[in-house]
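Okay, here's what each chain looks like letter by letter:
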Amino acid sequence: MTLLPTLAELNTWRAAQSGPVVFVPTMGALHEGHLQLMRDARQIAGEGGKVIVSIFVNPLQFGPKEDFAKYPRELEADAAKCASVGVDAIFAPEAADMYPPDRSVMVLETKLSTGLCGASRPGHFDGVGTVVLKLFNLVQPHTAVFGKKDYQQLAIIRRVVRDLNVPVQIVGSETVREEDGLAMSSRNRYLAPEQRAQAPAIRRSLLHVRRRWLAGERNAAVLIQAYQTELQTHASLGVVDYIACVDRDTLEPLTEVDSNALLATAVFFDRTRLIDNLELDGTL
Ligand code: PAF
């Protein structure tokens, strides 16, 4: 496995590739969820292809009050994890190499990014769209793999690629969970023990809503209330940032919940914000 800390080294590596290149962008602090994205990438790349992972904590996607400074940075441990799942190269640039001090161009997505996490994290998805497009231009992958846990991010990246004719195929991978159902996240480590014990209620409350939906309830307001009640009953330390029932592709709120619906939620445990979602008519 090759470590590529500079743009020049990445360019040399990329120029030497003739087969498919499959890309997994990350911010490091890798957990089993990321490793699953890499395994999926490995499978897509096949024997003749290469898997490249980027590790870059992107300052542009953190708000002024968010956890950029304390976001975990552990390149050595991350590199060992990448090697264990057959990654061929890691691109780990410095912020100064990615962003000239007088930079003045951003990618702005104006529809999908306004609701859900975008409502409570202004500017976040502009930072994500900008860095992902830059990474695509630098890495020039054929395919890129993103997790469905960040469903809104995935939808926005698909839209950026479609609207700007970026020649990269986007693949969404299923969310990986702890045994008790909590979606894996680099932020789970911030949870105090009693918060960690309550956090699986997020998934359980989403599944509770799914059962109501399967039993015939189609009113979004009723389903949303059912989630709130269930979560408050089982996670007294959790504060719901949002719970929404939206169309999976447009992320527009639904009033009648038929097929193609997504339940998406964010819950604060003190300052730690956890997200999760569920495709109501998807497979579990
Ligand atoms: O999902 C993430 O880790 C980040 O948002 C991404 C896609 C690597 C962009 O910085």
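Residue numbers run consecutively from 1 along every chain, following the written order of its sequence. Local features in this predicted model are restricted to residues of pLDDT 70 or higher, and side-chain atom pairs are both shown and tallied only at a pLDDT of 80 or more, whereas totals for entire chains, interfaces and linings draw on every residue. Computation of side-chain values: all heavy atoms of the structure, hydrogens and water removed.

Engineer: Report on the overall build of the chain, specifying residues and quantitative values.
Structural biologist: Broken down by element type, the chain carries 10 helices and nine strands. Our radius of gyration is a C-alpha quantity, and the globule rule it is checked against amounts to 2.2 Å times the number of residues to the power 0.38. The C-alpha atoms of the chain give a radius of gyration of 19 Å, which matches the 19 Å a tight globule of 284 residues would have. The C-alpha extent of the chain, read off along each of the three principal axes, is 55 × 40 × 40 Å. The classification of residues rests on relative accessible area computed with a 1.4 Å probe and restricted to protein chains. Under 20% of the type maximum is buried, over 50% is exposed, and intermediate values are partly exposed. Classification of the 284 residues of the chain by burial places 54% in the buried group. In the chain, of all internal contacts separated by at least 6 residues, the share reaching a separation of at least 24 is 71%. Carbon together with sulfur atoms contributes 52% to the accessible area of the chain, which is approximately 13300 Å² in total. Just so you know, the count uses Lys and Arg for positive and Asp and Glu for negative, and it drops His and the chain ends. Note on charges: their place is set at NZ of Lys, CZ of Arg, CG of Asp or CD of Glu. Of the side-chain charges in the chain, 30 are positive and 34 negative, and the distance between the mean point of each set is 1 Å. Each helix is a run of DSSP H or I of at least 4 residues and each strand a run of E of at least 2, with the numbering of both proceeding from the N terminus. The criterion used for residue contact is that any of the two residues' heavy atoms lie within 4.5 Å. Each accessible area is a Shrake-Rupley result for a 1.4 Å probe, and residues are judged covered by the shown protein chains and nothing else.

Engineer: A description of the sheet that holds strand β4 (residues 89–91) should follow, citing residues and the corresponding values.
Structural biologist: One requirement defines pairing of two strands: DSSP has to find at least two bridges between them. Spatially, six strands are ordered β1-β4-β3-β2-β5-β6 in an open sheet, and the strand pairing comes out parallel. Each edge of the open sheet carries a strand with a single partner, namely β1 (2–4) and β6 (169–173). The sheet shows a mean angle of 25 degrees between the axes of neighbouring strands, taken without regard to direction. Looking at chain direction, strand β3 (residues 50–55) and β4 are connected through three bridges and run parallel. Following the sheet pairing, V53 is matched in β4 by I90. Lying over the sheet, helix α1 (residues 7–15) contacts β1, β2 (21–26), β3 and β4, oriented at roughly 135 degrees with respect to β1. Note on geometry: axes are lines fitted to C-alpha atoms, helical ones only across the stretch in contact, with angles between N-to-C directions running from 0 to 180 degrees. Along the sheet face, helix α3 (residues 75–84) touches β1, β3 and β4 and points at about 160 degrees away from the line of β3.

Engineer: Account for helix α6 (residues 124–139), with residues named and values stated.
Structural biologist: Every α-helix carries 3.6 residues per turn, so stepping three or four residues along brings you back to the same face. How far a helix is expected to stretch is found by multiplying one less than its residue total by 1.5 Å. Compared with an ideal rise of 1.5 Å per residue, which puts 16 residues at 22 Å, α6 spans 22 Å between its outermost C-alpha atoms and is within 8% of the ideal. Counting buried positions along α6 yields 13 of 16 residues, so the element is predominantly enclosed. Q140 occupies a position one or two residues after α6 and carries a positive phi of about 50 degrees.

Engineer: Report on the side chain of N58, specifying residues and quantitative values.
Structural biologist: Tracing the sequence through the fold places N58 in the loop between β3 and α3. On the basis of relative accessibility, which here comes to 0%, the residue N58 falls in the buried class. When residues no more than four places from it in sequence are discounted, the contact partners of N58 are M27, F68, Y99, G127, V128 and V131.

Engineer: Explain unusual backbone geometry to me, using residue names and the numbers behind them.
Structural biologist: Of note, N165 is a non-glycine position whose phi angle comes to about 55 degrees, a positive value. Here N165 lies in the loop between α7 (151–163) and β6. For N165, a relative accessible area of 65% puts it in the exposed group. For L251, which is not a glycine, the phi torsion comes out positive at approximately 60 degrees. Examined against the element boundaries, L251 turns out to sit in the loop between β7 (238–247) and β8 (261–269).

Engineer: How would you summarise the environment of L254 if you had to cite specific residues and measurements?
Structural biologist: Examined against the element boundaries, L254 turns out to sit in the loop between β7 and β8. Taking relative accessible area as the criterion, L254 reaches 23% and is therefore assigned partly exposed. Between the C-alpha atom of L254 and that of A244, which follows or precedes it by 10 residues, the distance is 8.5 Å. Contacts of L254, omitting those with residues within four sequence positions, involve A220, C245, V246, D247 and A261.

Engineer: Describe the pairing of strand β5 (residues 143–147), with residues and values.
Structural biologist: Within a regular strand, side chains alternate between the sheet's two faces. When you tally the buried positions in β5, you get five out of five residues, the bulk of the element. Burial along β5 is two-sided: T143, V145 and G147 and A144 and F146, pointing in opposite directions, are all buried. Here two bridges tie β2 to β5, and the two strands are oriented parallel to one another. Within β5, the position partnered with F23 by the bridge is A144. Bridge analysis of β5 against β6 gives five bridges, and the strand direction is parallel. Residue pairing for β6: V145 is matched across the bridge by V171. The path from the first strand over the helix to the second decides the hand: if it runs clockwise while the strands point away from the viewer, the crossover is right-handed. The parallel pair β5 and β6, bridged by α7, forms a crossover whose chirality is right-handed.

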